[in-house]
Amino acid sequence: MSYISLSDKDQKDMLAKIGVLSIDELFQCIPENIRLDRNLKVPNAHTELELIKRFLLLSEKNTYNGYLSFLGAGAYKHFIPAAVDYLSIRGEFVSPYTPYQPEVSQGTLQSIFEFQTMICQLTGMDVGNASLYDGASGAAEAVLMANRLMRKNKVLVAKSIHPQYRNVIETYTQNLDIHIEEIGYMDTGQVDLDGLKDLLDDQTFAVIIQSPNFFGIIEPFEEIAERSRKNKTLSIFLVAEAVSMGILEAPGKLGADIVTGETQSFGMPLSFGGPYLGFMACSKEFIRQFPGRIVGQTQDLDGNTGYVLTLSTREQHIRREKATSNICTNQALCALRATIFLELMGEEGFMDMARQNMQKAAYAFEQLSSLQGVKPRFSGRIFNEFVLGFERPWLEIDLMLREKKICGGFPLKKDFPELKNCVLFNVTEMHTKEDIDRLTTALKEALGTQQGGKQ
Amino acid sequence: MYPEEYRYSKDHEWIKVEGDLGTIGITDFAQKQMGDVVYVEMPDIGTELGHHQTIGVIESVKAVSDIYSPTAGEVVEVNEDLNKSPELVNEDPHGKGWIIKIKIKKSSEVEKMMSYSDYEKFLSGLDE
Amino acid sequence: MIREPLIFVLSEKGKRACLLPVLDVDEKKSVTQGITVRKNIKGFPQVSEVEVVRHFTRLSTTNYCVDEGFYPLGSCTMKYNPKINEKVAGFEGFLVAHPLAPEEMNQGNLEVLKLTEDLLCEITGMDKFSLQPSAGAQGELVGMMMIRACLESRGEQRKVVLIPDSAHGTNPSSAHLCGYKVREIKSNSRGTVDLQDLAAGMSEDVAAFMVTNPNTLGVFESDIKEITRIVHSEGGFVYMDGANMNALIGTSRPGDMDVDVIHLNLHKTFSTPHGGGGPGSGPVGVKEVLAPFLPKPHIEKRGERYYFDYDRPQSIGQVKSFYGNFLVVVRALSYILSLGPEGLKEISEIAVLNANYIRKSLEDIYHLKYNSPTLHECVFSDLFLKDFGVSNLDVAKRLIDYNVHPPTMSFPLIVHGALMVEPTETESKRDLDLFIDAMKKIAIEAEKNPELLKSAPHLTYVRRLNETTAARNPILKWTPESKGKE
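Residues numbered from 1 in each chain as written. Chains lettered and ligands numbered in written order. Predicted model: local features only at pLDDT ≥ 70, side-chain atom pairs only at ≥ 80, totals over all residues. Heavy atoms only, no water.

### Let's talk about the overall build of chain A
Using the following cut-off: For the purposes of this entry, the term helix denotes a DSSP run of H or I that reaches at least four residues, the term strand denotes a run of E that reaches at least two, and both are numbered from the N terminus. Only protein chains enter the accessibility calculation, which uses a 1.4 Å probe; a residue is then buried when its area is under 20% of its type maximum, exposed when over 50%, and partly exposed in between. Whether two residues are in contact is decided by their heavy atoms: any pair within 4.5 Å suffices. We get accessible surface area from the Shrake-Rupley algorithm with a probe of 1.4 Å; when it comes to residues, only the shown protein chains can shield them.
For chain A, the helix and strand inventory stands at 14 helices and 15 strands. Across its three principal directions, the C-alpha atoms of chain A cover 85 × 55 × 50 Å. Every one of the 455 residues in chain A was classed for burial, and the buried ones make up 68%. Long-range pairs, those at least 24 residues apart, make up 72% of the contacts in chain A between residues at least 6 apart in sequence. Accessible area for chain A stands at about 15500 Å²; split by element, carbon and sulfur atoms hold 50% of it.

### Section: the sheet that holds strand β4 (residues 37-41) of chain B
All names here are of chain B. Where we set the bar: Only strands joined by at least two bridges in the DSSP assignment are considered to pair. For helices, the axis comes from a line fit to the C-alpha atoms of the stretch in contact; other axes are also lines fit to C-alpha atoms, and the angle between any two N-to-C directions lies between 0 and 180 degrees.
Strand order across the open sheet formed by three strands is β4-β6-β7, with antiparallel pairing between neighbours. Because the sheet does not close on itself, it has two edges, and the strands there are β4 and β7 (64-68). Sheet twist, expressed as the mean angle between neighbouring strand axes with direction ignored, is 20°. Sheet topology note: the strand β6 (residues 54-60)/β7 ladder contains five bridges and is antiparallel. What sits directly across from Val 57, in β7, is Asp 66.

### Here's the deal with the pairing of strand β5 (residues 204-210) of chain A
Residues and elements named next belong to chain A. Applicable threshold: Here a crossover is taken to be right-handed if, once the strands point away from the viewer, the path from the first strand over the helix to the second is traced clockwise.
Buried residues dominate β5, accounting for seven of its seven residues. Two strands pair when backbone bridges link them, and strand β3 (residues 154-158) and β5 are joined in this way by four bridges, in the parallel orientation. Bridge pairing in β5 links Leu 156 to Val 207. The pairing of β5 with strand β6 (residues 234-239) spans five bridges and is classified as parallel. Directly across from Ala 206, in β6, lies its bridge partner Leu 234. After leaving β5, the chain enters helix α10 (residues 221-230) and then returns to the sheet as β6, a path that is right-handed.

### A look at the interface of chain A and chain C
The condition is simple: In this description, buried area is defined as the sum, over both parts, of the accessible area (probe of 1.4 Å) that is lost when the two are combined. Here, a salt bridge means any side-chain nitrogen of Lys or Arg that lies within 4 Å of a carboxyl oxygen of Asp or Glu.
With 181 residues of chain A in contact, the opposing surface of chain C contributes 203 residues. Carbon and sulfur atoms supply 63% of the area buried between chain A and chain C, which totals about 17000 Å² over both sides. Here Lys 320 of chain C and Asp 134 of chain A are joined by a salt bridge, their closest N and O atoms 3.6 Å apart.

### Describing the sheet that holds strand β3 (residues 181-185) of chain C
Residue and element names in this part refer to chain C. Taken in spatial order, the seven strands line up as β1-β7-β6-β5-β4-β2-β3 in an open sheet, and their pairing is mixed. Since the sheet does not close on itself, it has two edges, and those belong to β1 (128-130) and β3, each with one partner. Taking each pair of neighbouring strands and ignoring which way they run, the sheet shows an average axis angle of 20°. As paired strands, strand β2 (residues 160-164) and β3 are joined by five bridges and run parallel to one another.

As structure tokens, this is what we get:
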């Protein structure tokens, strides 16, 4: 295929205007020895029909679609209203650049302003940005921001945050004067508060806690924030499952200084891990160190309300190496999806979604915990995920579930070697009671068969 | 235009000396180069500044510029009015738009700075 | 004109758009025992579906976009986004795939990633690619981190990165984030890297030189082989910013220029939509020497099976959760496959033809600081407008009235009042001519009626916006208290 719009005649006319005989002449500035003297070895051009066939085949090699799944662990399947797709595929939203020319970008700018507003309403913070890449890089950016604000070098990271977020924090800080220490978790699944007390010292610039944490457990954040504040340490509240903000108290009210995380749950399909949507919010006093794009309200020459990118002097295109982040392109279209999603759900609908997640997960937790050979690993309160410990090797159980077209939870052993045969299950509003009962029955059978087989 | 009693630096800062107290700001030329000032970042009171050390940052919508201390000293006062009205730097750069006051360490450094007439000559020598 | 209010202004209790099915398990109060539950979300909207649909439909009409017309933003490569790419990226099997499902359930996705990596290697002449970075800036960061990790594995603690004064702001910012000090290298009178300045700046303390080729003026660094030789001879690495790859694709390969690491922007060269500022994708490619340091996991193939390799002890680690902006990669792969070898070469050929046609048509009127040959873009300056009291900003805003998106402004920093024009290969001669005519008319208007430019645009949904007020007194969200004022 080709997306060129010039006829042969156009090309001839244009070459004549430029005053060269061939296109090749225009490339004379590239020395001969680094010009490619052959065609690229790539597959021959595909027509639309051939592309559809090839990609359909590729997409159907993925077999996950046919399974009843209870996988979460940082990527959640939620309801996406039809109008989210319908509106967000409009060319006017899909095909412009970053809104550097506000007079012809009000649609994008106003929707980001609405996104920032809703992020503030959900988090209870003063200001929100236009988006970050994802929750993991959001966590890393928050650590860097806190480091710039406090000018100390130690950060405490809860062991119970998403292990991939932790990896990304480590990557981002590896060449900087930032030292990471880990806060362990207790049998409740919550952060070890005594451990926190011991680790907080005069070099600690921030504590980063995820709630609900990676195990699905709700953290005692208020107390953590309080202790941090007393130690002149910033508290960073990390969110991996943003639907939780529809029922749990706003992090800002619990004392968070910076709130950041992942909002994939707001209208982004699972999409094999991306594109997702990072967000960040903070107190007003920290705005000069805030990373990422920010939209502000202003007026035009006639006094009409309008929106512009603002406080840009924090950013790389002006401040270069002194910028608050190197981020440029972010996740604007994903933020638009989230904005449409939240506006369609509305206050009641969104809070109902959160309530249903919590109730259904509690039901599943209760049903599964009652099975022989299954033990809840933690005793703390959960939102929509929970960890179960199995007496038998999970691998065997998992294979039996798969035969029944069920994709169980996420085994924790790889990231938490101490949690052998412990598995993280996720339940959302997308699971019906029948789905949960089907899992319970299948697990019961699998456990029974195994035990029977071995005795 | 440029007050006779002030001394000036090549980075377009001015200093007004009263005893061992120095008031520092940026010149009219500098504020014009910056355009509409939207924010001035100032140091904490008590900060010890070295000669030519960064005092803070001055920002317009699309530009950022460091402000340097023309002489060593300790910060004794910052212009709190600039937090609410950064436009003072544009409107009255040599007066209400002052940025910090310092307790001067070495008056010899100030003496080495340009007089108003030298500064005006310096400006006319700058090609735009 | 109807002004579309903020959604919050339309909000009223009792209005609803979406409903969930009734909860089908017994509700238990005990579930929230001992935790603080919120009673409401203050200010959150409550509107009907019709209101939401009209809200965004109306808002969308105030945006200018590539689907509507010419969008010559320099260095941003605002080419047409083929619709077939959107279609295949929307296939169910891709959309519903959970990133943590067992690998055997995601073999199609892994094949997409591996195939794309292999094709990017061939296109750029590099040895290995990682598709993990979310955008160009993150690709840069990864590239610089790999260089640092490689040097450290040799026991070298270099501290400085050299960057040309014409570089994009993300370059120094990424180098800084990697713990390096940045030193600027001057451009010469041709607008290219000053070799003497580079040679003088090179030392055993320099980790890398970051170069954009063609550079931000659209000028090819024809001394690139000498540049790489100078840097390598002191043990440094050459990082190439691939933002301008559209000028080279199918014609010349960075790998053959001896650069060590490069990032690409799939949302530029490979036609994936910019989305009003993302999502993008910034794959990073390396020569063999840097391959052990690539982010993990990295995709490998054993027999017929694709898998993620996490066992990479020298890897810099992970920069994004999961494996990158997967759906963006799907679109880019579809684009590469749709074009084939001839079609890929045609990209750079026509992109360069279009840019030179614009340059030739306007260079007698608009000032060009450098007269070196240019490839896919050219940078005009507003110097000649100074006498009329008009700046590049005014020209840009006036272009909007001619229904053309303004070029990139005030960048690169080495050109006064820059207007950086990149037409891309997809534009018709008619659209190019419309732009050229508009620019010519504006040059005349600037002289005869400068006020017309200074108060432009005149025909838009909002007129010129006060960015100073926005920055001095930031209003960054709507609050219930501001309801009456809307």
